[in-house]
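A structural walkthrough
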Amino acid sequence: MSDFRLKIFYSVAKNLSFTKAADELFISQPAVTKNIKELELEYDLSFFLRKGNRIELTEAGKVLFVHAENILESYKQIRYDLDIIKKNFTGTFQLGASTTVGQYLLPSLMSQFHIKYPDIKLSLVTANTRSIESYLIDKKIQLGIVEGKPKNKQLKYVPFIEDEIVAIAHTSQKIARKETLSLKELKKIPLVLREPGSGSLDIIRDALSKHKLQLKDLTVAMHLGSTESIKSYLTHADSIGFVSIAAVSKEIKNGEFQVIDIEKVDIKRWFYFVYNQGVPEGVSDLFMKFATAQYNL
């Protein structure tokens, strides 16, 4: 079995489409079909079931898909290990990050990484923590950086840096005059929080549960899909939002937002590197070491 034929099979199996595989590999669809037929002849097995306009993997196809995935990952690792010897880092790297990390921590880090390793093509997708975990499992990205507690047993979580979630109000609103709120007062204040599936919301929920408070006990005015949406909302509403200190530090210094302490509540969390169980592949390991070194300076 040739390496290229294996790549063709893997692309068809991953996309369940001859057309998408052809587009992904920049070859013609007849060339894809020809290589798959030759592969099936070589093993005297069918790897795909044709059902109208759809295809499915046969049992043999599912077995080959697992092996193909492992072999292709090994090829990447071999190239990376040999590139280390040559000090020649190349290739593509798909990174995923939860929204807070992707928006406030990664841009400068990615810029520094690109300067040091200009031949590595780095791309970033941002989504909430649960989505990033799904992308890893589906092999759409190679490495994630997420917030919240490790939950998925298919994934490996490695602590990266510590963060704090704080309650904030816009200084134009009355609530910003208060420096501290009791838990009893917190129940009555309109709150704006991140959406379900967000690592931030999970952390807030866990922190409040230690004080026998649930989200249903609070006056939640709205759930929003990003920290920027929360900050924008608070400029027009006499409400409190919970956000990462990293996301609002500049505005606090500029006097736009006020941190409001909640008595007895201290919401600390870690941002984690996350990848599929096993040893992280070459560029993932390189990026993790680079990022950790930058934040430990």
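Before any of the text, the structure's been laid out above.
Cut-off values and rules
Residues numbered from 1 in each chain as written. Predicted model: local features only at pLDDT ≥ 70, side-chain atom pairs only at ≥ 80, totals over all residues. Heavy atoms only, no water. Helix = DSSP H or I, 4+ residues; strand = E, 2+ residues; numbered from the N terminus. Buried < 20%, exposed > 50% of the residue type's maximum accessible area, 1.4 Å probe, protein only. Contact = heavy atoms within 4.5 Å. Areas by Shrake-Rupley, 256 points an atom, 1.4 Å probe, with all protein chains shown as cover. Lys, Arg positive; Asp, Glu negative; His and termini not counted. Charge placed at Lys NZ, Arg CZ, Asp CG, Glu CD. Axes fitted to C-alpha atoms, helices over the stretch in contact; angles between N-to-C directions. Parallel < 35°, antiparallel > 145°, perpendicular 65-115°, else oblique. Left-handed = near helix turned anticlockwise from the far one by under 90°. Nonpolar A, V, L, I, M, F, W, Y, C, P; charged D, E, K, R; others polar. Phe/Tyr/Trp six-rings, centres within 6.5 Å; stacked < 30°, edge-to-face > 60°. Expected span 1.5 Å × (residues − 1).

Looking only at helices and strands, one finds 11 helices and 12 strands in the protein chain. In terms of overall dimensions, the protein chain has a C-alpha envelope of 75 × 50 × 30 Å along the principal axes. Counting all 297 residues of the protein chain, 45% fall into the buried class. For the protein chain, the proportion of contacts with a sequence separation of at least 24, taken over those separated by at least 6, is 75%. Roughly 16,000 Å² of accessible area belongs to the protein chain as shown, and the carbon and sulfur atoms make up 52% of that amount. Put simply, the protein chain has 41 plus and 35 minus side-chain charges, and the middle of one group is 3 Å from the middle of the other.

Where helix α5 (residues 99–116) contacts helix α11 (residues 282–295), the axes come no closer than 11 Å and their chain directions differ by 115°. Looking at the two axes, α5 sits roughly perpendicular to α11. In this structure, α5 crosses over α11, and the sense of that crossing is right-handed. Where α5 abuts α11, its residues L105, L106, L109, Q112, F113 and K116 lie against L286, F287, F290, A291, Q294 and Y295. Here the residues of the contact of α5 with α11 are counted per class, giving 9 nonpolar, 2 polar and 1 charged.

According to the stated counting rule, one finds 13 aromatic pairs in the structure shown. A ring pair is formed by Y43 and F47, whose centres lie 6.3 Å apart and whose planes are at 70°; its orientation type is edge-to-face. Residue classification places F47 among the buried positions, given a relative accessible area of 3%. Relative to Y295, the ring of F160 has its centre 5.3 Å away and its plane inclined at 90°; by these criteria the two rings are edge-to-face. Of this pair, F160 sits in strand β6 (residues 155–170) while Y295 sits in helix α11; the two residues are 135 residues apart in sequence, bridging distant segments of the chain. The exposure class assigned to F160 is buried, which follows from its relative accessible area of 9%. Y295 gets classed as partly exposed once you look at its relative accessible area, which sits at 33%. Grouping aromatic residues by their ring pairs yields a cluster made of F9, F18, Y43, F47 and F48.

Looking now at α11. Over its 14 residues, α11 runs 20 Å from end to end, which matches the ideal 20 Å to within 8%, given 1.5 Å per residue. Among all positions in α11, only G282, V283, S284, L286, F287, M288, F290 and A291 are buried.

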